[in-house]
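What follows is each chain in one-letter form.
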Amino acid sequence: MSAGSRLPKLIAFDLDYTLWDFWIDFHITPPILQDRATGTIYDSSTSDIYYGRRRSPNVIEFYRDVPEILRNLRRESVTVAACSRTPVPKLAMEALRLMRIPSGLDTEAIPSTACNGSNDTPNWMTTTTPAINFFDQLEIYPTDKTVHFEALHKKTGLPYSEMLFFDDERRNRNVAKLGKSQYSVHILPACRRISITPRCDVHSRTRRTGSR
């Protein structure tokens with residue numbers, strides 16, 4: 001980190017097509033299920049039939065780089081928020097509760113006392129943390145994103161100038177009017193790959209175009 005450069009105090013993320021690759025209200029069929037052996041979570045879409053063919057369940061997971069980003073932001077003591085206007089907030093919250101973030105530790109170095117049963121292979125519960133634990137603030141309900149940020153400002157006491165925002169929809173650029181500075185509110189197209197440097201430079205690979 002260069003002298004005088006730092007991350008903003010709060011970084012907020014949209015959910016759909018920003019942290020994960022779907023619209024949770026459109027592509028995910030409740031209830032959400034979890035494989036007890038692997039921790040993998042998936043929806044109940046096998047019960048839906050399209051054009052006479054039964055669908056396989058959708059695995060619910062983050063984009064590849066998201067777990068590392070969330071771990072790094074926690075390490076840097078950055079306040080992390082989820083801001084989503086999804087019409088199914090309970091389903092989104094359930095997904096965040098069930099999704100797991102790998103610890104990032106070398107599992108071969110974990111002693112057998114942290115393992116399941118008598119074997120030396122740690123299970124997914126001992127090597128992962130619920131994703132929801134990585135979010136300090138949750139503003140997940142259908143409304144304009146400016147309302148989400150006004151709530152964040154009120155709850156955290158942080159100025160808008162210390163907030164950075166990632167979102168896939170151009171209409172949500174309107175939150176930028178709440179504050180301007182080195183960081184302000186930065187909105188990107190949905191990305192499969194996002195990296196955040198201390199100066200908040202952002203490098204991305206576009207996943208899709210357009211907005212919903």
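Above this text is the structure in question.
Just so you know, these numbers come straight off a predicted model, no measurement behind them. (Residues numbered from 1 in each chain as written. Predicted model: local features only at pLDDT ≥ 70, side-chain atom pairs only at ≥ 80, totals over all residues. Heavy atoms only, no water.)

Undergrad: Describe the pairing of strand β6 (residues 79–84), naming the residues involved and giving the relevant values.
TA: Burial analysis of β6 places five of its six residues in the buried class, which makes it a mostly covered element. Bridge count for strand β1 (residues 10–13) against β6 is four bridges, and the pairing is parallel. Bridge assignment links I11 to a residue of β6, and that residue is V80. The pairing of β6 with strand β9 (residues 137–140) spans four bridges and is parallel. Its bridge partner lying in β9, A82 is registered against L138. (Buried < 20%, exposed > 50% of the residue type's maximum accessible area, 1.4 Å probe, protein only. Helix = DSSP H or I, 4+ residues; strand = E, 2+ residues; numbered from the N terminus. Pairing = 2+ DSSP bridges.)

Undergrad: Before we move on, could you go through the sheet that holds strand β10 (residues 163–166) and cite the residues and values that matter?
TA: Judged by pairing direction, the sheet is parallel, and its four strands sit side by side in the order β9-β6-β1-β10 without closing on themselves. Looking at strand neighbours, the two that pair on one side only are β9 and β10, the edges of this open sheet. In this sheet, neighbouring strand axes are inclined to one another by 20 degrees on average, regardless of whether the strands run parallel or antiparallel. Lying on the sheet, helix α2 (residues 66–75) is in contact with β1 and β6; it crosses β1 at an angle near 160 degrees. (Axes fitted to C-alpha atoms, helices over the stretch in contact; angles between N-to-C directions. Contact = heavy atoms within 4.5 Å.)

Undergrad: Residue-level account of the packing of aromatic side chains, with values.
TA: Enumeration according to the criterion identifies six aromatic pairs in this entry. Between the aromatic rings of W20 and F62, the centroid separation amounts to 6.2 Å while the plane-to-plane angle is 10 degrees, which identifies the pairing as stacked. One end of the pair, W20, is in the loop between β1 and α1 (24–27); the other, F62, is in the loop between β5 (53–54) and α2, with 42 residues separating them in the sequence. Ring geometry for W23 and F26: centres 6.3 Å apart, planes at 80 degrees, overall edge-to-face. Members of the aromatic cluster, each reached through a chain of ring pairs, are Y17, W23 and F26. (Phe/Tyr/Trp six-rings, centres within 6.5 Å; stacked < 30°, edge-to-face > 60°.)

Undergrad: An account of the side chain of H148 is requested, with residue identities and associated values reported.
TA: Position of H148 relative to the elements: it lies in helix α4 (residues 145–156). A relative accessible area of 0% places H148 in the buried class. Of the polar contacts made by the side chain of H148, one reaches the backbone oxygen of Y141; its length is 3.0 Å. When sequence neighbours within four positions are dropped, the list of residues in contact with H148 reads C83, S84, R85, E139, Y141 and T143. (Polar contact = N/O pair within 3.5 Å; in protein donor to acceptor, adjacent residues only side chain to side chain.)

Undergrad: Explain the nonpolar core residue by residue, including any values.
TA: Formed by 37 residues in total, the largest nonpolar core has its most connected members in F13, W20 and F62. Counting only elements with at least two residues in this core, the list comes to β1, α2, β6, α3 (89–98) and β10. Looking at this core, the element that brings in the most residues is α3, giving five residues. In terms of nonpolar packing, the next biggest core, distinct from the first, is built from 11 residues, L10, C83, F149 and F165 among them. (Core = buried A, V, L, I, M, F, W, Y, C linked by side-chain atoms within 4.5 Å.)

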